[in-house]
Amino acid sequence: MSNNNIQSILQETRIFEPSDEFIAQANIKATDVALMKQKAEEDYTGFWGDLAKEHIDWQTPFTTILDDSKAPHYQWFSDGRLNVSYNCLDRHIADKGDKTAIIFEGEPGDIRKISYKELLADVSQFANALKAQGVGKGDRVIIYLPMVAEGVVAMQACARIGAIHSVVFGGFSAEALKDRANDAEAKIIITADGGNRGGKPVELKKAVDAALDAGCPSVEKVIVLQRTNHGVDMQEGRDIWWHDAINGQSTECEPEWVDAEHPLFLLYTSGSTGKPKGIQHSSAGYLLQAIITNKWVFDQKASDTFWCTADIGWITGHTYVAYGPLALGTTQLIYEGAPTVPDSGRFWKICQDHQVSIFYTAPTAIRALMRFGDDVPNSYDLSKLRLLGTVGEPINPEAWMWYHNVIGQEKCPIMDTWWQTETGGHMIAPLPGITALKPGSCTHALPGIIADVVDKEGNSIENANEGGFLVIKKPFPSMLRTIWNDDSRYAETYWPMFDGKYYLAGDSAYIDEDGYFWIMGRIDDVLNVSGHRLGTMEVESALVAHPSVTEAAVVGKPHEVKGEAIVAFITCKGDRPTGDKADKMIEELRAWVAKEIGPIAKPDDIRFADGLPKTRSGKIMRRLLRAIAKGEEITQDTSTLENEAVVEQLQGKA
Ligand code: PRX
């Protein structure tokens, strides 16, 4: 973290104003925002207190808004009591009991609609089943399920009884599952025989068996949902089928009222070291950001059908699937499978068939689907779409324009939402009826979020377009409370600078002359080439703007003269270039980057593969790429890769 002078070179000048039609119906108006920002400035804690009173149903109202006596473990609304599941379900029953809460579509095409009343009954019954298996308030529960409605049921059931869930993404290996279960000292694992993904079953139960064989001493029971029916081993006394566990249990379950600060969940995420961190979230503060961002940023209304494509194994699947939309009483869609089964039109067919009006996905998915051409989405009726969102990485302007023109048919505002597992909900994002959009920028911080870009002394960077550290200068309700079992890592990772005053996001960013935020990349992914600091994502964005390039990942490798040299790993549209074709393409791309950014950003080394090494969540494995770039032996676990063969291609062995 030595850089305080990260250069930023990518420029985007197009601006998209909200339409009059959108402005007229938006949940949040410019006048509201002006008032809110003024309130946040004059009375910061009062601002949050008002929102928490307005949006959350409390069993015991809070009298303290912010308690900073244990900083950086800030506490919000701490003498209030609530139940998150009550706020997501019970409070809607009187007027929305028969409204559809979840439309589930399985990869094989099975469809199930669940009303709010039915969901409350399912959650309550499963909550009673958990209690019968000995799970109580504060116990940790691992959820390792496919993307099915029961995943939400399991999460909500934990919340209902005050158990702390830790969802592990179904694409993680047995080894990763074991590490997480042990770190959390989980009492129980909820899984399925399998899930349907890419036309075949994902072997979830087998992975649980392997994790438990390898040693998870705290785990007493395994509840197994029957989903694929492909035949799995059940261990007598330890494993119980979901349908047997709920059999005979009441469909009513009084919610466990918990303190506002009671941990709602842990979610493990990667840090700069190899050991994943158990990010711990609170109940009330987290819920509040989930509610206000679904309302403000996604503009959810009674008439909408919302679809967030994220798996519940990620924070996006928590805030924008399992909790936020339900807390607002929205109808949402959940899809189990891959976007290309049976063909690359699946997402667009789902949008058409279920009349999806708000669609939220990741730039990597947009780029992958863009590859199949405009005819695919154009053959579906996407006219119900009225708002689009992206998350997880900066969206390159080319993908943004395609999303805007082809999917949004030029009428849908695109919400580029910047946030993190640690922040629980959107932090920097447009407001759809207010913010003029610039492709590639997440625009402005939301009301109450005091974001800035600072140098390493913590001083605001005054010059427009000059990069620095992205920080949040005041504690906010939805921030992580700690790293499970590791308070010191929490303090060191997030509060190392500025006398522990600011939350350090771990990203580099800059603010342009109009006050727009542009995320440049992780601070650990910043390159120093001949004394010039470059965000790897900027180089990638330039590369993917080339008409032949689908995806690019850029890492640094040590270079005698320049300090660091740029290595680019690339997938192309059509066949992977080899031989002379590859040489020609390399020259073309170097010239292209020189043109897009400048000669200093020209990659020294360019390698092609059929795909980039990614985790099943779609995150590019940069540490692996850095090892390949340096020609090191690969020692890290590649078992979670979608396509292990690409590693050899990138090493030049295949
Ligand atoms: O680097 C930022 C990037 O993703 C990181 C957070 O990753 P994770 O905790 O896995 O959460 C992803 C879903 C919220 C950030 O530090 N990131 C996230 N959203 C954006 C982004 N980078 C640029 N633009 C975004 N909209």
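It should be noted that the structure appears before, not after, this text.
Below, the structure is looked at part by part. Just so we're clear, the structure is a prediction, and the values are computed from it rather than from any experiment. (Residues numbered from 1 in each chain as written. Predicted model: local features only at pLDDT ≥ 70, side-chain atom pairs only at ≥ 80, totals over all residues. Heavy atoms only, no water.)

Moving on, we get to the site of the ligand. Contacts to the ligand come from 15 residues, most closely from Asp 416, Thr 417, Thr 421, Asp 507 and Arg 522. Glu 393 is positioned with one of its backbone polar atoms (N or O) 3.4 Å from a nitrogen atom of the ligand. Between the ligand and Thr 421, the relevant distance is 2.6 Å, taken from an oxygen atom to a side-chain nitrogen or oxygen of the residue. Here the ligand loses 91% of its free accessible area of 540 Å² to cover by the protein chains. A per-class count over the shell around the ligand returns five nonpolar, five polar and five charged. (Near = heavy atom within 4 Å. Polar contact = N/O pair within 3.5 Å; in protein donor to acceptor, adjacent residues only side chain to side chain. Areas by Shrake-Rupley, 256 points an atom, 1.4 Å probe, with all protein chains shown as cover. Nonpolar A, V, L, I, M, F, W, Y, C, P; charged D, E, K, R; others polar.)

What holds strands together in a sheet is hydrogen bonding between their backbones, with the strands either parallel or antiparallel. Taken in spatial order, the eight strands make up an open sheet running S12-S11-S8-S6-S7-S14-S15-S23, and their pairing is mixed. For this open sheet the edge positions go to strand S12 (239-241) and strand S23 (482-483), each flanked by a neighbour on one side alone. Pairing analysis gives four bridges linking strand S6 (residues 140-144) to strand S8 (residues 188-192), with the strands arranged parallel. Within S8, the residue paired with Val 141 across the bridge is Ile 188. Strands strand S7 (164-167), strand S14 (265-269) and strand S15 (277-281) of the sheet are contacted by helix H12 (residues 315-327), whose axis makes an angle of about 145 degrees with S14. (Pairing = 2+ DSSP bridges. Helix = DSSP H or I, 4+ residues; strand = E, 2+ residues; numbered from the N terminus. Contact = heavy atoms within 4.5 Å. Axes fitted to C-alpha atoms, helices over the stretch in contact; angles between N-to-C directions.)

Another aspect to go through is the pattern of salt bridges. Side-chain pairing between opposite charges can occur once the charged atoms of the two side chains come close. Evaluated as defined, the whole model comprises 34 salt bridges. Between Asp 98 and Lys 117 there is a salt bridge, with its nearest N and O atoms 3.0 Å apart. Taken as a pair, Asp 98 in the loop between helix H5 (93-96) and strand S4 (100-105) and Lys 117 in helix H6 (residues 116-132) lie far apart in primary sequence, 19 residues in all. Classification of Lys 117 by relative accessible area gives partly exposed; the value is 44%. The salt bridge partner of Lys 473 is Asp 452, with a shortest N-O separation of 2.7 Å. One end of the pair, Lys 473, is in the loop between strand S22 (468-472) and S23; the other, Asp 452, is in strand S21 (residues 451-454), with 21 residues separating them in the sequence. Classification of Lys 473 by relative accessible area gives partly exposed; the value is 24%. Each of Lys 205, Asp 209, Arg 238 and Asp 239 takes part in one network of salt bridges that share partners. (Salt bridge = Lys/Arg side-chain N within 4 Å of Asp/Glu carboxyl O. Buried < 20%, exposed > 50% of the residue type's maximum accessible area, 1.4 Å probe, protein only.)

Another aspect to go through is the packing of helix H3 (residues 44-55) against helix H11 (residues 284-296). Direction vectors running N to C along H3 and H11 enclose 80 degrees, while the axes themselves pass 10 Å from each other. Regarding the angle of H3 to H11, the classification is roughly perpendicular. On the side of H3, the interface is formed by Trp 48, Leu 51, Ala 52 and His 55, while H11 contributes Leu 288, Gln 289, Ile 291, Ile 292, Lys 295 and Trp 296. Class assignment of the residues belonging to the contact of H3 with H11 gives a composition of seven nonpolar, two polar and one charged. (Parallel < 35°, antiparallel > 145°, perpendicular 65-115°, else oblique.)

Bringing empty space enclosed by the protein into the picture now. Within this structure, the stated rule accounts for two cavities of 30 Å³ or more. Counted as a void, the largest cavity has a volume near 60 Å³. What lines the largest cavity is simply Arg 367, Met 370, Arg 371, Asn 396, Glu 398, Val 544, Val 549, Thr 550 and Lys 573. In terms of residue class, the lining of the largest cavity is made up of three nonpolar, two polar and four charged. Of the pockets and cavities examined, the second largest cavity occupies roughly 40 Å³. (1 Å grid on protein atoms, 1.4 Å probe; cavity = no way out; pocket = protein on both sides within 12 Å on 5 of 7 lines; lining within 4 Å. Points joined across faces, edges and corners; volume = space filled by probe spheres on them.)

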